[in-house]
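# Geometric and topological summary
So the chains spell out like this:
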Amino acid sequence: MGVAAIDLLYWRNVKQSGAVFGSVLLLLFSLTQFSVVSVGAYLALAALSATISFRIYKSVLQAVQKTDEGHPFKAYLEVEIALSQDQIGKYADKILLYSNTCMKELRRLFLVQDLVDSLKFAVLMWLLTYVGALFNGLTLLILAVVSMFTMPVVYEKHQAQIDQYVGLIRTQVNSVVGKIQAKIPGAKRKEE
């Protein structure tokens, strides 16, 4: 994760983090009420209204003051925004690597290469059926965004206590997993 993203999530610049957090939440809450097409169209109309109004305002101001400042967005119109072949290739390679890794892992889990991992995956999918019954995807996305912007700050402030409790939980979970693996035939992991 980049330094800018970490600074954003840790609220190093409160105004910037607040603007991003508020914008993302507003977008997600909008998507809960309207379709993606409607939200996109409304956002485009809002942006066009702002830019057209600003352009007309500047044109009237230039006419009244009899100045020749030119187009108010000239600096932005001259900026090159094309993607290079290298950038596209780099991102395509990353997507290809991630896709291949996901497909290999899913193949390994569905074809039961390791019984314990496949059972863990089955339990996770079973739990997700209950999560899916309680929440829709947008609600989960909203909860994820809120968590991304709050948990790092909470952890930073209360790191010692959180680490202590996480250590206790990890010990208990490892104990239970060890007991379960001991009782299931063929469930012990092979030494790699």
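Look up: the structure comes first, before these words.
Residues numbered from 1 in each chain as written. Predicted model: local features only at pLDDT ≥ 70, side-chain atom pairs only at ≥ 80, totals over all residues. Heavy atoms only, no water.

## Thoughts on helix H3 (residues 36-65)
Note: α-helices contain 3.6 residues per turn, so residues at a spacing of three or four share the same orientation. For H3, which comprises 30 residues, the first-to-last C-alpha distance of 43 Å matches the rise-based estimate of 44 Å (1.5 Å per residue) to within 8%. Phi turns positive, to about 55 degrees, at lysine 66, one or two residues after H3. (Helix = DSSP H or I, 4+ residues; strand = E, 2+ residues; numbered from the N terminus. Expected span 1.5 Å × (residues − 1).)

## A few points about the packing of helix H2 (residues 14-33) against H3
Packing of H2 against H3 leaves a shortest axis separation of 8 Å and a crossing angle of 135 degrees. On the basis of the axis angle, H2 is oblique to H3. Of the two possible hands of crossing, H2 and H3 adopt the one that is right-handed. Along the contact surface, H2 presents Leu27, Ser30 and Leu31, while H3 presents Val36, Val39 and Leu43. Taken together, the residues of the contact of H2 with H3 sort by class into five nonpolar, one polar and no charged. (Axes fitted to C-alpha atoms, helices over the stretch in contact; angles between N-to-C directions. Parallel < 35°, antiparallel > 145°, perpendicular 65-115°, else oblique. Left-handed = near helix turned anticlockwise from the far one by under 90°. Contact = heavy atoms within 4.5 Å. Nonpolar A, V, L, I, M, F, W, Y, C, P; charged D, E, K, R; others polar.)

## A closer look at the environment of isoleucine 162
Of note, isoleucine 162 is situated in helix H8 (residues 159-183). Excluding its chain neighbours within four sequence positions, the residues that come into contact with isoleucine 162 are Val154 and Tyr155.

## Some words on the environment of glutamine 161
Checked against the element boundaries, glutamine 161 lands in helix H8. Exposure remark for glutamine 161: the relative accessible area of 44% places this residue in the partly exposed category. (Buried < 20%, exposed > 50% of the residue type's maximum accessible area, 1.4 Å probe, protein only.)

## Description of unusual backbone geometry
Positioned with a positive phi, lysine 66 is a non-glycine residue whose angle comes to about 55 degrees. Within the element layout of this structure, lysine 66 appears in the loop between H3 and helix H4 (74-77). Judged by its relative accessible area of 74%, lysine 66 is exposed. For valine 112, which is not glycine, the phi dihedral falls at a positive 50 degrees. Mapped onto the secondary structure, valine 112 falls in the loop between helix H5 (85-110) and helix H6 (115-134). With relative accessibility at 44%, the residue valine 112 sits in the partly exposed group.

## Some thoughts on the side chain of serine 118
Along the chain, serine 118 falls in helix H6. Relative accessible area serves as the criterion here: at 10%, serine 118 is assigned to the buried category. Within the structure, the side chain of serine 118 is placed 2.7 Å from the backbone oxygen of leucine 109, a separation counted as a polar contact. (Polar contact = N/O pair within 3.5 Å; in protein donor to acceptor, adjacent residues only side chain to side chain.)

## What about H2?
Spanning 20 residues, H2 covers 28 Å between terminal C-alpha atoms, matching the ideal 28 Å at 1.5 Å per step. Of all the residues in H2, the buried ones are Ser17, Phe21, Leu25, Leu28 and Leu31. End-on, the buried residues of H2 take up no more than an arc of 120 degrees, which puts them together on one face. Turned more than 90 degrees away from the buried face of H2 sit Lys15, Leu26 and Gln33, all of them exposed. For H2, the secondary structure elements touched by its buried residues are helix H1 (3-9), H3 and helix H7 (137-157). (Arc of directions from axis to C-beta.)

## Quick word on the nonpolar core
Membership of the largest hydrophobic core is limited to 10 residues, which are Leu8, Leu9, Phe21, Leu25, Leu28, Leu31, Val39, Ile142, Val145 and Phe149. Secondary-structure elements contributing two or more residues to this core are H1, H2 and H7. Among the elements that take part in this core, H2 stands out by supplying four residues, more than any other. (Core = buried A, V, L, I, M, F, W, Y, C linked by side-chain atoms within 4.5 Å.)

## A short note on the packing of aromatic side chains
Inspection of every chain in the model, using the stated rule, returns seven aromatic pairs. With a centroid separation of 5.9 Å and an interplanar angle of 70 degrees, the aromatic rings of tryptophan 11 and phenylalanine 21 are classed as edge-to-face. In this pair, tryptophan 11 is assigned in the loop between H1 and H2 and phenylalanine 21 in helix H2, connecting sequence segments 10 residues apart. In this structure tryptophan 11 comes out as partly exposed when scored by relative accessible area, which is 24%. Summarising the aromatic geometry, the rings of phenylalanine 110 and phenylalanine 121 are spaced 5.4 Å apart at their centres and angled 85 degrees between planes, so their arrangement reads as edge-to-face. Taken as a pair, phenylalanine 110 in helix H5 and phenylalanine 121 in helix H6 lie far apart in primary sequence, 11 residues in all. An aromatic cluster of at least three residues, connected via ring pairs, comprises Trp11, Phe21 and Phe149. (Phe/Tyr/Trp six-rings, centres within 6.5 Å; stacked < 30°, edge-to-face > 60°.)

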